[in-house]
Amino acid sequence: MSFPKGFLWGGAVAANQWEGGWQEGGRGPALTDVTTGGTVDTPRLITYIDKDGKHGTLTRGQKLPEGAHYAVLDEYHYPNHDAVDGYHHYKEDIALFGEMGFKQFRMSISWSRLYPKGIENEPNKEGIEFYRDMFREMHKHGIEPLVTIWHFDTPLYLEEELGDWKNRELIDHFVRFANTCFKEFKGLVHNWLTFNEINNTIQFLDMGGANLPDQAYQDAYQHLHHQFVASAKAVQIGHAIDPTNKIGCMICGITWYPGTCDPKDILANRHAWEKNIFYCGDVQCRGEYGTYAKRLWKEHNVKLDIKDEDYEDLKRGTVDMYTFSYYMSQLVTTHEVKEKVGGNFSAGAKNEYLKYSDWGWATDADGLQYYLEMIYDRYHKPLMVVENGLGAYDTVEADGSIHDPFRIEYYRLHIEAMNRAIENGVDVIGYTTWGCIDVVSAGTGEMRKRYGFIYVDMDDEGKGSMARSRKDSFFWYKKVIASNGEDLSD
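On a predicted model such as this, the values are computed, not experimentally measured, just so you know.

How each quantity is defined
Residues numbered from 1 in each chain as written. Predicted model: local features only at pLDDT ≥ 70, side-chain atom pairs only at ≥ 80, totals over all residues. Heavy atoms only, no water. Phe/Tyr/Trp six-rings, centres within 6.5 Å; stacked < 30°, edge-to-face > 60°. Buried < 20%, exposed > 50% of the residue type's maximum accessible area, 1.4 Å probe, protein only. Helix = DSSP H or I, 4+ residues; strand = E, 2+ residues; numbered from the N terminus. Expected span 1.5 Å × (residues − 1). Bend = angle between axes of the 7 residues up to and from the residue. Polar contact = N/O pair within 3.5 Å; in protein donor to acceptor, adjacent residues only side chain to side chain. Pairing = 2+ DSSP bridges. Salt bridge = Lys/Arg side-chain N within 4 Å of Asp/Glu carboxyl O.

### Brief notes about the packing of aromatic side chains
Here the structure, examined in full by the defined rule, presents 41 aromatic pairs. Aromatic pair Phe-97 and Phe-102: ring centres 5.0 Å apart, planes at 5°, arrangement stacked. A single burial state applies to Phe-97 and to Phe-102, both of which are buried. Where Tyr-279 meets Tyr-289, the ring centres are 5.5 Å apart and the plane angle is 50°; that geometry is what we call tilted. Of this pair, Tyr-279 sits in helix H9 (residues 263-286) while Tyr-289 sits in the loop between H9 and helix H10 (293-299), and the two are ten residues apart along the sequence.

### Quick word on H9
Compared with an ideal rise of 1.5 Å per residue, which puts 24 residues at 34 Å, H9 spans 29 Å between its outermost C-alpha atoms and falls more than 12% short. At Phe-278, H9 is deflected by roughly 55°, the largest bend along its length. The opening residue of H9 is Asp-262, an N-cap whose side-chain oxygen sits 2.9 Å from the backbone nitrogen of Lys-264.

### Quick notes on the sheet that holds strand E4 (residues 69-70)
Adjacent strands of a sheet form backbone hydrogen bonds with each other and so pair up, either parallel or antiparallel. Read across the sheet, three strands follow the order E3-E2-E4 without closing on themselves; strand pairing throughout is antiparallel. With one partner strand each, in any of the chains shown, strand E3 (55-58) and E4 form the two edges of the open sheet. Strand direction decides the pairing type here: strand E2 (residues 46-49) and E3, joined by four bridges, are antiparallel. The partner of Ile-46 across the bridge, within E3, is Leu-58.

### A closer look at the pattern of salt bridges
Enumeration over the complete set of coordinates arrives at 30 salt bridges. Note that Arg-113 is salt-bridged to Glu-19, the shortest N-O span being 2.9 Å. With Arg-113 in helix H3 (residues 111-114) and Glu-19 in the loop between helix H1 (15-18) and E2, this residue pair connects regions lying 94 residues apart in the sequence. What makes Arg-113 buried here is its relative accessible area of 0%. Residue Arg-412 is joined to Asp-490 by a salt bridge in which the shortest nitrogen-to-oxygen separation is 2.2 Å.

Here you go:
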C-alpha cells in the first residue's frame with residue numbers, strides 16, 4: 001500500500017447533523033429544524049400549520065399547502081435541533097480528531113447561522129466568530145478545514161417565502177453568503193466545496209416513482225441550473241479573494257451497473273450515469289451541459305430559463321477538484337426485477353454478488369475503484385473521497401468499550417480499493433470518512449445508525465449525556481493515518 005505524500009486523511013460531518021444549537025448564537029431555522037425523526041421503514045416528516053391552524057405533515061418532495069407555513073410542533077421530536085451538540089463540544093471533538101492524526105476535517109457552515117433569513121445585507125457576527133474560532137481550533141491540532149458552503153441547509157425563510165432554488169433570486173443570496181465565507185475566513189480555510197451532493201435533486205426524482213408529472217422535472221432541472229450558476233459565481237469570487245483557494249464540486253457518487261448483458265440494459269446503464277452522475281459533473285468541471293442534456297430535458301418537456309450570461313459564468317467558474325461521496329452501487333435493468341432492495345435513499349434491483357447493510361445499502365469497495373477511475377479519466381482533475389462509511393448498530397460493553405470490527409473491515413476494503421485506483425494513475429488527494437463522530441442520520445433522523453470512530457451517548461429520542469468515547473475503529477484509523485495508509489491490520 002502506498003499513498004501520496006501529504007495525503008489528506010480525515011473525517012466529515014455536516015452542520016445540521018453535528019452542530020445542534022439551532023436557536024443559539026443568532027441562528028435562524030432551516031428545513032431540517034422542522035423535520036422529524038424516522039426509521040429505516042418510516043419516512044422523516046416535515047411539519048407545518050395550515051391556514052386554519054391545523055397541524056400537518058409532508059414527506060420529502062411534497063409541497064406545502066396553500067396558506068400553510070412550516071412549524072415546530074410539540075408532538076414531534078426534531079433530532080437536528082440538538083444533533084450531537086457540536087456547537088458546545090467542538091473543541092473536545094476537534095481534540096479527538098487531532099488525537100487520531102487527522103490532516104483534514106470536512107464540515108459545513110450553517111447558512112442560517114450567518115444569515116438567519118438569508119436575505120440580510122450584513123452577516124450575523126456571532127455566527128462568524130463561532131466558525132472563526134472553530135477553524136483556529138483545527139489549526140492548533142494541525143488540521144486543515146475542508147468547508148462545504150451549502151450542505152442541505154437553505155434558510156427556512158428562503159424555502160418558504162421565495163420558493164427555494166426554483167427562484168433565481170437565491171443565486172444572489174447564496175453569492176452574498178459565499179462571499180462572506182471567503183472574506184471572513186481568508187487564511188484560515190483554503191479548501192472549499194460549493195454544494196453538497198448537488199446531483200441528489202435528480203436522483204431523488206427517480207425515488208418518487210415513474211408517474212411524476214413533468215412539472216416536477218421542470219422544477220428540479222431549473223433548481224439545479226440556478227445552483228450551477230451560483231456555484232460558478234462562488235468559484236470566481238473565491239479565486240479573486242484568495243488565489244490559493246481550491247474549490248470543488250461535491251457529487252453523490254453511485255456506481256451504476258447493468259443488471260444483465262442485454263444491450264437494452266447496457267444502454268440504460270449509460271443513461272443512468274449521464275443523468276445521475278455526469279449531468280452535474282460535466283457542468284461544474286467542464287463549464288457546459290453535456291450533449292445528452294437535451295435528451296433528458298426532452299423526456300419531460302423541460303424548458304430551462306437560461307440567461308446568456310449564465311453560459312459565461314459556467315465557463316469561468318469551473319471547479320479545481322472533483323469530490324464525491326461513495327457508499328454503494330446500484331443496478332439498472334429493463335427486465336422484471338425478481339428481488340428488490342430498499343433503504344433510505346436507495347432502491348432497485350438487488351445485486352446477488354454483494355452484501356447489504358441493515359439499511360439496504362450495498363457494500364461494494366470495487367465500485368469505488370471503478371468510480372475513481374471512470375471519473376478521473378473523464379475530467380483529469382484531482383479527486384477526493386469526502387464521504388464514505390457504514391451506518392451500523394453499535395453495542396457498548398459493560399466496561400464501556402465498543403468493538404466494531406465490521407466498520408474496520410468496511411474501511412479497510414475501501415481504502416484498498418482507493419489505493420488500487422491510485423496505483424492505476426488516478427490523482428486521489430484526500431479521504432474523509434463520513435460521520436467520523438456519530439451524528440444524526442440525514443436519511444432517517446436516527447442515532448442508532450452510527451458511522452463514527454467516536455461514540456456519542458445519545459439515543460433516537462434525544463436522550464443521553466452526549467459523552468464521547470472511543471471505539472476500536474478510533475485506534476485503528478489512527479494507525480492507518482500514522483502509516484499513511486500502509487498499515488491496515490487489526
